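# Examining the three-dimensional arrangement
Given next are the chains, with one letter for each unit.
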Amino acid sequence: MRAFRTGLVLLTAAVTLVATGLPAAACDRDEKPQAPSARVKGAPGAVKNVQAVGNLPDAAGAISLNFLSIGRRDVMVVSGEFGLKSYDLANPAAPKLLGTLSLPGLWETEDTEVDAERNLVFLSRDPRAFGGTTHTGESGIYVVDVSRPEKPTILSYVKVPAGHTTSCVDGCRYLWTGGPAKADNMPADWGGRPIWVTDVRNPRKPVVNPNPIELARNDGKTDYVHDVQVDAEGVAWVSGRGGVRGYWTNGMHRDPVAGGFRLATAQKPIPYAGGGISETAAPSKFMHNSLRPLGPRGRFGQLLYATEESFVDGCAGDGVLTISSLDGSYGGEGWRSTPDKPFRLKTVGTWGVAGQEGSDPTSADCSAHYFDLRGNVLVQSFYEQGTRFLDVSDPTNPTQIAYFRPADAAAWAPYFHRGYVYVADNARGVDILKLQA
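Numbers given to residues run from 1 along each chain, matching the order in which its sequence is written. Since the coordinates come from a predicted model, pLDDT governs what is reported: local features require at least 70, and pairs of side-chain atoms require 80 or more to be given and counted, while whole-chain, interface and lining totals use all residues. Excluded from the side-chain calculation are hydrogens and water; included are all heavy atoms of the structure.

## Some thoughts on the overall build of the chain
Counting from the N terminus, the helices are the DSSP runs of H or I reaching at least four residues and the strands are the DSSP runs of E reaching at least two. Across its full length, the chain carries zero helices and 31 strands. Within the chain, the proportion of its 437 residues that are buried is 62%. Here a residue-residue contact requires only that any non-hydrogen atoms of the pair lie within 4.5 Å. Within the chain, contacts between residues separated by at least 24 positions form 56% of all contacts whose residues are at least 6 apart in sequence. We get accessible surface area from the Shrake-Rupley algorithm with a probe of 1.4 Å; when it comes to residues, only the shown protein chains can shield them. When the accessible surface of the chain is split by element, carbon and sulfur atoms take 52% of a total near 16,500 Å². Type-normalised accessible area, obtained with a 1.4 Å probe on protein chains alone, sets the label of each residue: buried when under 20%, exposed when over 50%, and partly exposed for intermediate values.

## Looking at the side chain of His-226
Mapped onto the elements, His-226 comes out in strand β15 (residues 225–230). The buried category is assigned to His-226, whose relative accessible area is 0%. Side chain to side chain, His-226 and His-164 meet in a polar contact 3.1 Å long. In protein, a polar contact requires one atom able to donate a hydrogen and another able to accept it; more generally it is a pair of N or O atoms within 3.5 Å, and residues adjacent in sequence count only if both atoms are side-chain atoms. Among the polar contacts made by the side chain of His-226, one reaches the main-chain carbonyl oxygen of His-288 at a distance of 2.7 Å. Setting aside chain neighbours within four positions, we find His-226 in contact with Glu-110, His-164, Thr-165, Ser-239, Gly-240, Phe-286, Met-287, His-288 and Tyr-370.

## Description of the pattern of salt bridges
The salt bridge definition used is simple: a Lys or Arg side-chain nitrogen within 4 Å of an Asp or Glu carboxyl oxygen. All told, the structure shown has 21 salt bridges when counted by the stated rule. Across the pair Asp-126 and Arg-128 runs a salt bridge whose closest N-O atoms are separated by 2.8 Å. Like Asp-126, the residue Arg-128 is buried in the burial classification. As a salt-bridge pair, Arg-173 and Asp-170 come within 2.7 Å of each other at their nearest N and O atoms. Because the salt bridges share partners, they merge into one network encompassing Asp-219, Glu-279, Lys-285 and Arg-344.

## A short note on the nonpolar core
Nonpolar cores are built from buried Ala, Val, Leu, Ile, Met, Phe, Trp, Tyr and Cys residues. Side-chain atoms within 4.5 Å join them into one set. Judged by nonpolar contacts, the single largest core of 18 residues is most densely connected at Leu-65, Phe-67, Met-76, Val-78, Tyr-422 and Val-430. Sorting the residues of this core by element identifies β3 (62–70), β4 (73–80), β29 (411–417), β30 (420–425) and β31 (429–435) as the ones contributing at least two each. Ignoring any residue separated from it by four or fewer positions in sequence, one finds Leu-65 in contact with Met-76, Val-77, Val-78, Tyr-415, Tyr-422, Val-423, Ala-424 and Val-430.

## A few points about the confidence of the model for the chain
A residue-level look at the chain finds 90% of positions with pLDDT of 70 or above and a mean pLDDT of 91. Within the model, the stretch residues 1–36 combines pLDDT values under 50 with 117 contacts to residues more than four positions away or in other chains. One confidence number per residue, pLDDT, is output by the predictor and ranges from 0 to 100.

## Side note on the state of the cysteines
In plain terms, two cysteine sulfur atoms within 2.5 Å form what is called a disulfide here. This model, assessed by the stated rule, comprises two disulfides. Residue pairing for Cys-168: its cysteine sulfur links by disulfide to Cys-172, the two sulfurs lying 2.1 Å apart. Disulfide Cys-168-Cys-172: torsion about the S-S bond near 95 degrees, hence right-handed. An identical accessibility class is assigned to Cys-168 and Cys-172; each is buried. Residue pairing for Cys-315: its cysteine sulfur links by disulfide to Cys-366, the two sulfurs lying 1.5 Å apart. Between Cys-315 and Cys-366 the sulfur-sulfur dihedral comes to about 50 degrees; the bridge is accordingly right-handed. Note that Cys-315 is positioned in the loop between β22 (303–308) and β23 (321–325) and Cys-366 in the loop between β24 (344–351) and β25 (371–374), a separation of 51 residues in sequence.

## So, the sheet that holds β3
The four strands are arranged β3-β4-β5-β6 in an open sheet whose pairing can be described as antiparallel. Each edge of the sheet is formed by a strand with only one pairing partner; in this case those strands are β3 and β6 (96–102). This sheet shows a mean twist of 20 degrees between the axes of neighbouring strands, independent of strand direction. Here β3 runs beside β4; their pairing, made up of eight bridges, is antiparallel. Residue Leu-65 lies in a different strand from β4, and its bridge partner there is Val-78. Strands are labelled as partners when DSSP assigns at least two bridges between them. Convention adopted: a line fitted to C-alpha atoms gives each axis, helices being fitted over their contacting stretch, and angles between N-to-C directions are expressed from 0 to 180 degrees.

## Details of the environment of Leu-65
Structurally, the position occupied by Leu-65 is in strand β3. A residue is classified by how much of its surface remains accessible, and Leu-65, at 1% relative accessible area, is buried. Through-space distance from the C-alpha of Leu-65 to that of Ser-86 is 9.5 Å; in sequence the pair is 21 residues apart.

## Quick word on unusual backbone geometry
Omega for the peptide link from Trp-107 to Glu-108 comes to 0 degrees, which places this bond in the cis form. Along the chain, Glu-108 falls in the loop between β6 and β7 (113–115). For the bond from Gly-179 to Pro-180, the omega torsion is -5 degrees, close enough to zero to count as cis. Unusually for a residue other than glycine, Asn-49 sits at a positive phi of about 60 degrees. Structurally, the position occupied by Asn-49 is in the loop between β1 (46–48) and β2 (50–56). Given the relative accessible area of 36%, Asn-49 is considered partly exposed. Of note, the phi angle at Asp-170 is positive, near 50 degrees, even though the residue is not glycine. Note on placement: Asp-170 falls in the loop between β11 (165–169) and β12 (174–178).

## Here's the deal with the pairing of β23
Of all five residues in β23, five are buried, a share of seventy percent or more. Here β23 shows no split at all, with Leu-321, Ile-323 and Ser-325 on one side and Thr-322 and Ser-324 on the other all buried. Sheet topology places β22 next to β23; five bridges connect them, and they run antiparallel. Bridging across to β23, Leu-304 finds its partner in Ser-324.

## Some points on the sheet that holds β22
The strand order across the open sheet built from eight strands is β15-β16-β17-β20-β24-β23-β22-β21, with neighbouring strands paired in mixed fashion. Only two strands of the sheet have a single partner each, and these edge strands are β15 and β21 (287–291). The sheet shows a mean angle of 30 degrees between the axes of neighbouring strands, direction not considered. Where strand β17 (residues 243–248) lies against strand β20 (residues 270–277), five bridges are found, and the strand directions are antiparallel.

This is the structure we're talking about:
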């Protein structure tokens, strides 16, 4: 079996492929093979309070997906090892394939972003794409025009020193690209790639700033930035090794680190809040992705939801969902953290899939991955352990209310969309789910 590395191994394990030949989990740092899970083709899975209404097997190799309104059409774009596919969602339970941009061997396109105003898709090329390696492989960004979804077209491609994920900031006028592990020509003391900023105001001629940002994120050490998610208020939350830190990318704001007020830009963002996640909640210190829901502050203040992606031998110690309070981090504390004087956010709650109802006890893969949130319901992918629905109305006690775990699950990312949940499953393609009341 051929081995892929897809995210980050933070402790001792790496991953191998399941019998389908698709990656079973995400790792990055080591290439030590892990014994494949004992999974029998055709074996029953586990389902509760979820109706599976559809599946797109032609999207096998899927890693991420997103949605656009193009004219009067509701369009879903799916990125993965095949490149990019577009689907018409006129019948949301049975999407119809519209067009394909064939890029076989593309990697990794996690959290693929779209520009809803210009009908653009930004595909991130990891240095491991097309047979490359983190040591010397080429990374960059494909800007794809999907205004005619029947014919996705590459407008431009630009080389970028990072390439694991690419995210829109400042209204998709700029892109922030980070990860994975550092290249051989990068500073020896870096633990991974930080962020490079690309100006895509002219999508046919992207301009990459040669000077990276989000340095010294791990108690003063420049380290692996995994992903960026922008909340409804415009704060860009940067997740990676060392925790989660939020930035303003436009507008006038007080800079809690440098002092005074200034104009925030994508090239020179202003710190907002955040910092390291407590090692008692996330021992690996590697935070994969995050989200800050807006709304009235509860007794814990503003909350930050984040995924720890981590793999260890067995399953019980794999990465979990963490919920932390941002209180005490608005003064730049997360930017002044050092090994001698570390700053950590207060943990409010955690949830892991190992041993939970509906889990597969034969699987050694229990790490958390991407999630989505609507109100008090959080839906999250756990690779071989499938898709889990949690009630997070009490953030100190997230409670599972439903699950969908096919026997051949390789769930990477779930998305709420118009009453359904669409799951990018690397083995199965796209599963279309309906949460039962």
